[in-house]
Amino acid sequence: MQPLENIPPIGEKVAALLPDIAARADDIEAAGRMPADIADDLAAAGVYAMVTPKSLGGLELSPPEIVAVLHAISRAEASTGWCAMIGATTAVNAAYLPRDIAQKIYGNPLSKTGGVFAPMGRAEDMGDHYRVSGRWQWGSGNVNCDWLCAGAIIFKDGELQRMDNGAPYHRMMYFASDQVERLDTWHVVGMKGTGSSDFTVKDAIIPKEQSVSLIADTPHEEGALYTYPVFGLLAMGVASVALGNAAGALDEIKALVAAKKPIGGQKAMAEKPVIQTEIARAEAQYRAAEAFFREAVAKCWTSAQANGRLGPHERAELRLAATYATESAADVAKTAFTLGGGNAVYLTCNLQRRFRDAHVATQHIATSAAIYELTGRVLLDLPTDMAML
């Protein structure tokens, strides 16, 4: 990954936060959310503005730079990396919103946003506004957000509205924090510190211009970052967190086997051939997945800059690489956990958290196993619905 110090003006600021984030991993998990002071520190460092357009005072970093920042945070602590990823990638909406609305939501450089793309809500078209109600899952980091966006299916006069291809028409609605009720639902096996609780909205009045469709709308911003596929950007973020977490797991297991001696033994576990072999295999798997992922990210970025668009095979390669990276990262975390032996089962050992967090990341729809089928169709030149690719 690109060194943080080579990513001005954000790299050194983020690097300075990492030791404290890593030291507070137990506290973050116990709280079930990212602490407000860490969220504020990340915002002040520019993490939430990585994808925000420069025209709004954002950083508009390149995808390889975004990957490096998210990887570094997740290597320190994965739940914090996950919240940073959701907050950063949500800001791509700023490129689609009308300028005055985008300025209201994203003009403050310390603004923190999050949200859920899935259209779990219902929006009644009332002419110049929508009346929105719904309940959404996976609201990562929502307690720290100033604004939340959430997908809703559009109805008019009680009739479901549809897009040209016949699919239900849906848009992401932006709600101010005080319009949202947060529910105590985040009781999970991993990524506990993300605070990804359900949230609800009832009969909220949302101006039509305070909504966006990442499928039907086109971005107003002209930067190459906004020609990058939106769902590819999200998958890239998930994979960055997963790889960072796997790198952290390798850090932990290397330190453990270097220090631990088997009962009755004189040499550290690191001297055992089986440990050496499995560490080497895990390292190779991690580096291979990371290399494929970085290559795909860089290739797509080059194409976005040169052509202003990505072809089907480029989009498919990005999603394939992100999915494989996330899956491989979970395998690496499992190997590290297994090699940790009895030590790894204790809550005082970070390997068990790395293992749990890794396998929650694999459940995200952007990098789930279903992506193999979708990308396989493209690789075989079969007709494919590219809307979500």
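This text follows the structure it describes.
Sequence positions are assigned chain by chain, starting from 1 and proceeding in written order. Local features in this predicted model are restricted to residues of pLDDT 70 or higher, and side-chain atom pairs are both shown and tallied only at a pLDDT of 80 or more, whereas totals for entire chains, interfaces and linings draw on every residue. Excluded from the side-chain calculations are hydrogens and water; all other atoms, namely the structure's heavy atoms, are used.

1. Comments concerning the packing of aromatic side chains
At step 1: Centres within 6.5 Å make a pair out of two Phe, Tyr or Trp rings, where for Trp the six-membered ring is used; the pair is then stacked when the planes are under 30 degrees apart, edge-to-face when over 60, and tilted otherwise. One pass over the structure, following the stated rule, counts 7 aromatic pairs.
At step 2: Each ring, one from Tyr 106 and one from Tyr 174, has its centre 6.3 Å from the other, and the planes form 85°; the classification is edge-to-face. One end of the pair, Tyr 106, is in helix 6 (residues 99-106); the other, Tyr 174, is in strand 5 (residues 170-176), with 68 residues separating them in the sequence. The same class applies to Tyr 106 as to Tyr 174, namely buried.
At step 3: Between the aromatic rings of Phe 117 and Phe 231, the centroid separation amounts to 4.9 Å while the plane-to-plane angle is 75°, which identifies the pairing as edge-to-face. Placement of the pair is Phe 117 in strand 1 (residues 113-125) and Phe 231 in helix 7 (residues 230-259), with a sequence separation of 114 residues.
At step 4: Three or more aromatic residues joined by ring pairs form one cluster here, namely Trp 136, Phe 175 and Phe 199.
At step 5: It is Arg 122 that lies over the ring of Phe 155; its NZ or CZ is 3.7 Å from the centre. Note on conventions: DSSP H or I runs of at least 4 residues are helices, E runs of at least 2 residues are strands, and numbering of each starts at the N terminus. Buried means the residue's accessible area, taken with a 1.4 Å probe over protein chains only, is under 20% of the maximum for its type, while exposed means over 50%, and partly exposed covers the values in between. Placement of a positive charge over a ring is assigned whenever Lys NZ or Arg CZ falls within 6 Å of the ring centre and within 35 degrees of the normal to the ring plane.

2. Looking at helix 1 (residues 11-23)
At step 1: One axis is fitted to the seven residues ending at the residue and one to the seven starting there. The bend at that residue is the angle between these axes. Its axis deflected by about 30° at Leu 17, helix 1 carries its strongest bend there, up to four residues before the proline Pro 19.
At step 2: Within helix 1 the residues assigned to the buried category are Gly 11, Val 14, Leu 17, Leu 18 and Ile 21.

3. Some details on the packing of helix 7 against helix 10 (residues 350-361)
The angle between the axes and the distance between the axes are what describe a pair of packed helices.
At step 1: Packing of helix 7 against helix 10 leaves a shortest axis separation of 9 Å and a crossing angle of 160°. One element, helix 7, and the other, helix 10, form an angle in the roughly antiparallel class. Crossing angle aside, the handedness with which helix 7 passes helix 10 is left-handed. Only Asn 350, Leu 351, Arg 354, Asp 357, Ala 358 and Ala 361 of helix 10 make contact with helix 7, whose side of the interface consists of Val 238, Ala 242, Gly 244, Asn 245, Gly 248, Ala 249, Glu 252, Ile 253 and Leu 256.
At step 2: For this scheme, ten residues count as nonpolar: Ala, Val, Leu, Ile, Met, Phe, Trp, Tyr, Cys and Pro. Four count as charged, namely Asp, Glu, Lys and Arg, and the remainder, Gly too, count as polar. In terms of residue class, the contact of helix 7 with helix 10 is built from 8 nonpolar, 4 polar and 3 charged. Axes here mean lines fitted to C-alpha atoms, for a helix over just the part in contact, with angles spanning 0 to 180 degrees between N-to-C directions. Oblique is the label for any angle not under 35 degrees, not over 145, and not in the 65 to 115 range, which are roughly parallel, roughly antiparallel and roughly perpendicular in turn. Helix crossings fall into two classes, left-handed where the near helix is turned counterclockwise from the far one by less than a right angle and right-handed where it is turned clockwise. Pairs of residues are marked as contacts when any of their non-hydrogen atoms sit within 4.5 Å.

4. Points about the nonpolar core
At step 1: Within this scheme, the nonpolar core is defined by two criteria: the residues are buried Ala, Val, Leu, Ile, Met, Phe, Trp, Tyr or Cys, and they are joined through side-chain atoms within 4.5 Å. Formed by 90 residues in total, the largest nonpolar core has its most connected members in Leu 42 and Phe 293.
At step 2: It is helix 7 that contributes the most residues to this core, 12 residues altogether.
At step 3: Not counting residues within four places of it along the chain, the set of residues in contact with Leu 42 comprises Leu 17, Ile 21, Met 34, Val 47, Tyr 48, Ile 73, Thr 80 and Ala 84.

5. Re the pattern of salt bridges
At step 1: Within this document, salt bridges are pairs made up of a side-chain nitrogen of Lys or Arg and a carboxyl oxygen of Asp or Glu, the two lying within 4 Å of each other. Within the structure shown, the criterion is met by 18 salt bridges.
At step 2: Between Arg 24 and Asp 20 there is a salt bridge, and its shortest N-O distance comes to 3.2 Å.
At step 3: Under the relative-accessibility criterion, Asp 20 is labelled partly exposed at 38%.
At step 4: The salt bridge involving Asp 198 is made with Arg 135; its shortest N-O contact spans 3.0 Å. Taken as a pair, Asp 198 in the loop between strand 6 (181-182) and strand 7 (199-207) and Arg 135 in strand 2 (residues 129-136) lie far apart in primary sequence, 63 residues in all.
At step 5: One salt-bridge network, held together by shared partners, links Asp 26, Glu 29, Arg 353 and Arg 356.

6. Details of unusual backbone geometry
At step 1: Residue Pro 9 follows Pro 8 across a cis peptide bond; omega there is 0°.
At step 2: Structurally, Pro 9 is set in the segment before helix 1.
At step 3: A positive phi angle is found at Trp 138, which is not glycine, with a value near 60°.
At step 4: Within the fold, Trp 138 resides in the loop between strand 2 and strand 3 (147-156).
At step 5: Of the residues examined, Trp 138 reaches a relative accessible area of 41% and is grouped as partly exposed.

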